[in-house]
Amino acid sequence: YLKSTVLAKLSSYYPVDFKYNPAAIEQINLSGKLNLNDNIEDVMHVLSSVANIKHETINTNIIKIEVKQ
């Protein structure tokens, strides 16, 4: 699941916190590998392209995630 695995791992790897609606995000299933050598913006662009989400960088350590309508 996006929230419980991917975002938790990204939060521990990169110095960022994610803001999101837990009920909406829990419905998104993902599998695969991410290149953590990339910066967080590149990783978020990849996630946005493969999952039904959009992201907005609020500041250098907060990223807001929403499910696309």
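Before reading further, recall that the structure is shown in the block above.
Since this is a predicted model, take the numbers as computed values, not measurements. (Residues numbered from 1 in each chain as written. Predicted model: local features only at pLDDT ≥ 70, side-chain atom pairs only at ≥ 80, totals over all residues. Heavy atoms only, no water.)

A. Structural detail: the side chain of H55. By the secondary structure assignment, H55 is in strand β2 (residues 53–59). Within the local environment of H55, its side chain forms a polar contact with the side chain of S48, the two groups lying 2.9 Å apart. Look past the residues within four positions of H55 in its chain and what remains in contact with it is E41, M44, H45, S48, I63, K64 and I65. (Helix = DSSP H or I, 4+ residues; strand = E, 2+ residues; numbered from the N terminus. Polar contact = N/O pair within 3.5 Å; in protein donor to acceptor, adjacent residues only side chain to side chain. Contact = heavy atoms within 4.5 Å.)

B. Representation of the packing of aromatic side chains within the structure. Within this structure, the stated rule accounts for one aromatic pair. Ring centres of Y13 and Y14 lie 5.0 Å apart, and the angle between their planes is 75°; this geometry places the pair in the edge-to-face category. Owing to a relative accessible area of 47%, Y13 belongs among the partly exposed residues under this scheme. (Phe/Tyr/Trp six-rings, centres within 6.5 Å; stacked < 30°, edge-to-face > 60°. Buried < 20%, exposed > 50% of the residue type's maximum accessible area, 1.4 Å probe, protein only.)

C. Structural view of the pairing of β2. Sheet topology places β2 next to strand β3 (residues 62–67); six bridges connect them, and they run antiparallel. Bridge pairing in β3 links T57 to I63. The turn joining β2 and β3, which pair antiparallel and follow one another in sequence, is formed by two residues. (Pairing = 2+ DSSP bridges.)

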